[in-house]
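Survey of secondary and tertiary structure
Next come the chains, spelled out residue by residue.
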Number of protein chains: 2
Amino acid sequence: MSDHPEAPVVPVAACEPPYYAAVFTAVRTANQRGYGETNARMEDLVRSLPGFLGMDHAQNPGGLSITVAYFRDADALTEWRTNTEHRAAQQRGRDDWYQSYTLHVAKVERSHGFTRPQD
Amino acid sequence: MSDHPEAPVVPVAACEPPYYAAVFTAVRTANQRGYGETNARMEDLVRSLPGFLGMDHAQNPGGLSITVAYFRDADALTEWRTNTEHRAAQQRGRDDWYQSYTLHVAKVERSHGFTRPQD
């Protein structure tokens, strides 16, 4: 048996296509004042939206971060994009927190997953 | 002026839609023998394919990794998926290196980027 941390990390599972993925890749600035609180609030907010399917996040220490949020359909994604609190956070991101970012909004056509059988 | 490392990290830029994104999220096992060499070879291989647009990668230390590769069209992605060397590496990944993974293949409908103006 392999060792597991308390809450094992697992990628968001494959959903039934079609669904949407918002891929947000970013490099942050040295000025991260207020980022942690806002990020936690945004995470709570997106998870509360109808049609939210899940989110994966990874960050190279001191470098590039990738967040991928999955949504059931384009309407759910539009609701997230146009949410008033989210828009204010986006503006704050451009003012202070991000050196550069790219957002790719994509319709998932197929997906599959793998989980290692228990030894 | 902010400090930059020698080669500044920047996310893959937004391309002209439509294009394809292959989002690969994974958690690795303790057995990573041979992973580094194979991963480097796969990176060289995918970058050499016609229609390859770029790739972003981030990994939480000891945890989830996300790799997103961008392709001009479905044909370029099919070529990558069915490449003989890549298929052998995928099998090795399931045998040894991955605890779990999910692959989402998606058609990018819109994208945009932001780069901080020079101070």
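It should be noted that the structure appears before, not after, this text.
Cut-off values and rules
- Residues numbered from 1 in each chain as written.
- Chains lettered and ligands numbered in written order.
- Predicted model: local features only at pLDDT ≥ 70, side-chain atom pairs only at ≥ 80, totals over all residues.
- Heavy atoms only, no water.
- Contact = heavy atoms within 4.5 Å.
- Buried area = accessible area lost by both parts, 1.4 Å probe.
- Salt bridge = Lys/Arg side-chain N within 4 Å of Asp/Glu carboxyl O.
- Polar contact = N/O pair within 3.5 Å; in protein donor to acceptor, adjacent residues only side chain to side chain.
- Helix = DSSP H or I, 4+ residues; strand = E, 2+ residues; numbered from the N terminus.
- Buried < 20%, exposed > 50% of the residue type's maximum accessible area, 1.4 Å probe, protein only.
- Pairing = 2+ DSSP bridges.
- Expected span 1.5 Å × (residues − 1).
- Arc of directions from axis to C-beta.
- Phe/Tyr/Trp six-rings, centres within 6.5 Å; stacked < 30°, edge-to-face > 60°.
- Lys NZ or Arg CZ within 6 Å of the ring centre and 35° of its normal.

Contact with chain B, which involves 52 residues of that partner, is made by 51 residues of chain A. Carbon and sulfur atoms make up 55% of the surface buried where chain B meets chain A, a total of about 4200 Å² over both sides. Among the residues of chain B in contact with chain A, R110(B), F114(B) and R116(B) are the three that bury the most area, contributing 17% of the side total. Linking chain B with chain A are zero salt bridges, by the criterion used here. Where chain B touches chain A, the interface holds 29 residue pairs in polar contact (both at pLDDT 80 or more). Only β1 (19-28), β2 (52-59), β3 (65-71), α2 (74-82), α3 (84-97) and β4 (98-115) of chain B provide two or more residues apiece to the side of chain B that touches chain A.

This paragraph deals with the pattern of salt bridges. All names here are of chain B. This model, assessed by the stated rule, comprises six salt bridges over all chains. Linking R47 and E43 is a salt bridge whose minimum nitrogen-to-oxygen distance equals 3.2 Å. Placement of the pair is R47 and E43 together in helix α1 (residues 35-48), with a separation of four residues, close to one helical turn. Using a relative accessible area of 44% as the deciding quantity, one classes R47 as partly exposed. Given the relative accessible area of 33%, E43 is considered partly exposed.

What follows concerns the pairing of β4(B). Bridge count between strand β4 (residues 98-115) of chain A and β4(B): 15 bridges; the pairing is antiparallel. From the neighbouring strand, T115(A) faces β4(B), where its bridge partner is S100(B). Bridge count between β1(B) and β4(B): ten bridges; the pairing is antiparallel. Within β4(B), the residue paired with V23(B) across the bridge is H104(B).

The next point concerns helix α1 (residues 35-48) of chain A. All names here are of chain A. Helix length check: α1, at 14 residues, gives a terminal C-alpha distance of 20 Å against a target of 20 Å (1.5 Å per residue), a fit within 8%. Among the residues of α1, those classed as buried are Y35, M42, L45 and V46. For α1, the angular spread of the buried residues around the axis is 95°, confining them to a single face. Opposite the buried face of α1, at more than 90 degrees from it, the exposed residues are E37, D44 and S48.

Moving on, we come to the packing of aromatic side chains. With the rule as written, the count across this model stands at 14 aromatic pairs over all chains. Taking the centre distance of 5.4 Å and the plane angle of 75° together, the rings of F24(A) and Y98(A) count as edge-to-face. In this pair, F24(A) is assigned in strand β1 (residues 19-28) and Y98(A) in strand β4, connecting sequence segments 74 residues apart. Judged by its relative accessible area of 12%, Y98(A) falls in the buried class. An angle of 40° between the planes, with centres 5.1 Å apart, marks the rings of F24(A) and Y101(A) as tilted. Highlighted residues: F24(A) in strand β1 and Y101(A) in strand β4, separated in sequence by 77 residues. The class for Y101(A) is buried, based on a relative accessible area of 7%. Among the aromatic residues, those joined into a cluster by ring pairs are F24(A), Y98(A), Y101(A) and F114(B). Positioned over the ring face of Y35(A) is R28(A), at 3.8 Å from the centre of the ring.

Attention shifts here to unusual backbone geometry. Cis geometry is found at the peptide bond from P17(A) to P18(A), where omega equals 0°. Its location among the elements puts P18(A) in the segment before β1.

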